[in-house]
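Chain by chain, the residues:
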Amino acid sequence: MTIAVLPGRMRSLVEPLLPEWIEPRWWGSAGELQALAPEAEIGWFDLHVKAPALAAVLSAGKLRWLNSAYAGVDWLPLDELERRGIALTCGSGLTATAVAEFAVMAMLAVAKDYPAVVRAQDRREWLSEAPGTRELSGSRALIFGQGAIGQAIGRMLQGFGVDTVAVRRRPEEGALGPGEWQARIGEFDWIVLALPGTPETRGLIGAAEIAAMKADAVLVNYARADVIDQPALMEALRERRIAAAVLDLTDPEPLPPGHPLWSLDNAHITMHLSGIPTEASLRRAAERFARNCERFRRGEPLEARVDLRLGY
């Protein structure tokens, strides 16, 4: 039997799918996880508070495969996992549709100034003109990141008639590679970030890149907060040097009530809500884990395995 230490909140979905050779041990709290982790050969240690999850990883001396339902794994000790020869699988693609829908919803809200419509309704005021008149159709979007989320956003935007161009790590026909997009960022109405969090992406959009954007450009971040130089962005928004920003990620999180980002009417903060699991995404996570159990048993490549050197 192979011992798997698994989250109790997933038990109803995972347990019926487990093969007979797995002996599951279910944890329901950080304390239970830390007590069970040393026996884990397969682990699923996701916690919103990361310190006890990291402690569990470090104490799991028998661990051979660590699974996560999170798409981003930059919170994990990737160097340590590589050194110990531990396979890591992530939640890539599990919430891609939900995140993409959130991103496109926010872009439409900016284009039509939907917050102004809601405020008018709260005042019981009948508007005679639409507060926002931008159209997605005919606009152009530069999309950083071509994983499941970036691709889903691109497909949805194309359905609205948006001309999308991808930024990729390697040059490719129809896409922009490193060293190419900087000179052309001013051509786009929407700058959409859907990148993994890695040392390579940290600070990718700084003061110079923001300054090169169109005056009516909108920066849309569904990647990681540190991809953007947040102080430089706040200054640009305050001075109206770009039209707006949609921020699902902020530094810090949660954003304190007195933080100046809240006071910027052209900062649309979606509070990291886009990737919160849905019933459908949790079911997909359970099904993928069960498939990967059989792959792990047979020594086959695991679905959504992370390249520990690249970080995704």
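Criteria and cut-off values
Residues numbered from 1 in each chain as written. Predicted model: local features only at pLDDT ≥ 70, side-chain atom pairs only at ≥ 80, totals over all residues. Heavy atoms only, no water. Helix = DSSP H or I, 4+ residues; strand = E, 2+ residues; numbered from the N terminus. Rg over C-alpha atoms; globule rule 2.2 N^0.38 Å. Buried < 20%, exposed > 50% of the residue type's maximum accessible area, 1.4 Å probe, protein only. Contact = heavy atoms within 4.5 Å. Polar contact = N/O pair within 3.5 Å; in protein donor to acceptor, adjacent residues only side chain to side chain. 1 Å grid on protein atoms, 1.4 Å probe; cavity = no way out; pocket = protein on both sides within 12 Å on 5 of 7 lines; lining within 4 Å. Points joined across faces, edges and corners; volume = space filled by probe spheres on them. Nonpolar A, V, L, I, M, F, W, Y, C, P; charged D, E, K, R; others polar. Core = buried A, V, L, I, M, F, W, Y, C linked by side-chain atoms within 4.5 Å. Pairing = 2+ DSSP bridges. Axes fitted to C-alpha atoms, helices over the stretch in contact; angles between N-to-C directions. Salt bridge = Lys/Arg side-chain N within 4 Å of Asp/Glu carboxyl O. Lys, Arg positive; Asp, Glu negative; His and termini not counted.

Engineer: When you look at the overall build of the chain in this model, what are you seeing that I'm missing?
Structural biologist: Scanning the chain from N- to C-terminus turns up ten helices and twelve strands. Taken against the 2.2 N^0.38 rule, which gives 20 Å for 312 residues, the C-alpha radius of gyration of the chain at 21 Å falls within 12% of a compact globule. Along the first, second and third principal axes, the C-alpha atoms of the chain reach 65 × 50 × 35 Å. Taking all 312 residues of the chain together, the buried fraction comes to 47%. Sequence separation of at least 24 residues holds for 53% of the intrachain contacts in the chain that already meet a minimum separation of 6.

Engineer: Whenever I open this one, the environment of arginine 309 confuses me. Can you help?
Structural biologist: With respect to the helices, strands and loops of the structure, arginine 309 is situated in the segment after α10 (279–298). Overall, the relative accessible area of 72% leaves arginine 309 in the exposed class. At 2.6 Å, the side chain of arginine 309 forms a polar contact with the side chain of glutamate 82.

Engineer: Looking at this structure, how should I read empty space enclosed by the protein?
Structural biologist: Leftover empty space is mapped by rolling, across the atoms, a probe with the size of a water molecule. Per the stated rule, a full pass over the model turns up three cavities of 30 Å³ or more. Its boundaries defined by the atoms lining it, the largest cavity holds a volume of some 50 Å³. Forming the boundary of the largest cavity are Trp44, Asn67, Ser68, Ala69, Cys90, Gly91, Leu94, Ala285, Arg288, Phe289 and Asn292. Tallying contributions element by element places α10 first for the lining of the largest cavity, with four residues. Tallied by class, the residues present in the lining of the largest cavity amount to six nonpolar, four polar and one charged.

Engineer: Can you help me understand the nonpolar core in this one?
Structural biologist: For soluble globular proteins, nonpolar side chains are generally found buried alongside one another. Counting 32 residues, the largest nonpolar core has Leu142 and Leu219 as the members making the most contacts within it. Where this core is concerned, the elements lending two or more residues are β6 (140–144), β7 (163–167), β9 (190–193), α9 (230–238), β11 (244–247) and β12 (267–269). Setting aside residues no more than four positions away along its own chain, leucine 142 makes contact with Val165, Val167, Leu176, Trp181, Ile185, Phe188, Trp190, Ile191 and Val192. Trp27, Ala53, Leu63 and Leu66 belong to the second largest nonpolar core, which has 24 residues in total.

Engineer: Would you take a moment to explain the sheet that holds strand β2 (residues 22–27) for this structure?
Structural biologist: Pairing within the open sheet is parallel, and its five strands lie in the order β2-β1-β3-β4-β5. Only two strands of the sheet have a single neighbouring strand rather than two, namely β2 and β5 (87–89). For this sheet, the mean inter-axis angle between neighbouring strands, taken without regard to orientation, is 15°. As defined by bridge partners, strand β3 (residues 42–44) adjoins strand β4 (residues 65–67) across three bridges and the pair is classed as parallel.

Engineer: Before we go on, may I ask you to explain the pattern of salt bridges in this structure?
Structural biologist: When their charged atoms lie close together, side chains carrying opposite charge are able to pair. All told, the structure shown has 23 salt bridges when counted by the stated rule. When the shortest N-O distance is used, the salt bridge between arginine 11 and glutamate 15 registers 3.2 Å. Classification of glutamate 15 as partly exposed rests on a relative accessible area of 35%. Residues glutamate 239 and arginine 241 are paired through a salt bridge, measuring 2.8 Å at the closest nitrogen-oxygen approach. You can call arginine 241 partly exposed: its relative accessible area is 36%.

Engineer: Just checking my understanding: could you explain the side chain of glutamate 209 for this structure?
Structural biologist: Counting through the fold element by element, glutamate 209 comes out in helix α8 (residues 207–211). Arginine 241 provides the closest opposite charge to the buried, unpaired glutamate 209, separated from it by 11 Å. Among the polar contacts made by the side chain of glutamate 209, one reaches the main-chain amide nitrogen of glycine 206 at a distance of 2.8 Å. Once residues within four sequence positions are removed from consideration, glutamate 209 is found in contact with Trp181, Ile185 and Leu204.

Engineer: How should I be thinking about the layout of surface pockets in this particular structure?
Structural biologist: Here the second largest pocket defines a volume of roughly 390 Å³. Sorting the residues of the lining of the second largest pocket by element identifies α5 (96–112), α6 (114–122) and β12 as the ones contributing at least two each. Looking at the lining of the second largest pocket residue by residue, the class counts come to eleven nonpolar, two polar and three charged.

Engineer: Help me understand the environment of leucine 54 in this model?
Structural biologist: Among the secondary structure elements, leucine 54 is positioned in helix α3 (residues 50–59). Leucine 54 sits 21 residues away from tryptophan 75 along the chain, and the two C-alpha atoms are 8.4 Å apart. If near-sequence neighbours (up to four positions away) are discounted, leucine 54 is found in contact with Trp75, Leu76 and Pro77.

By themselves, these are just geometric observations and shouldn't be taken as functional.
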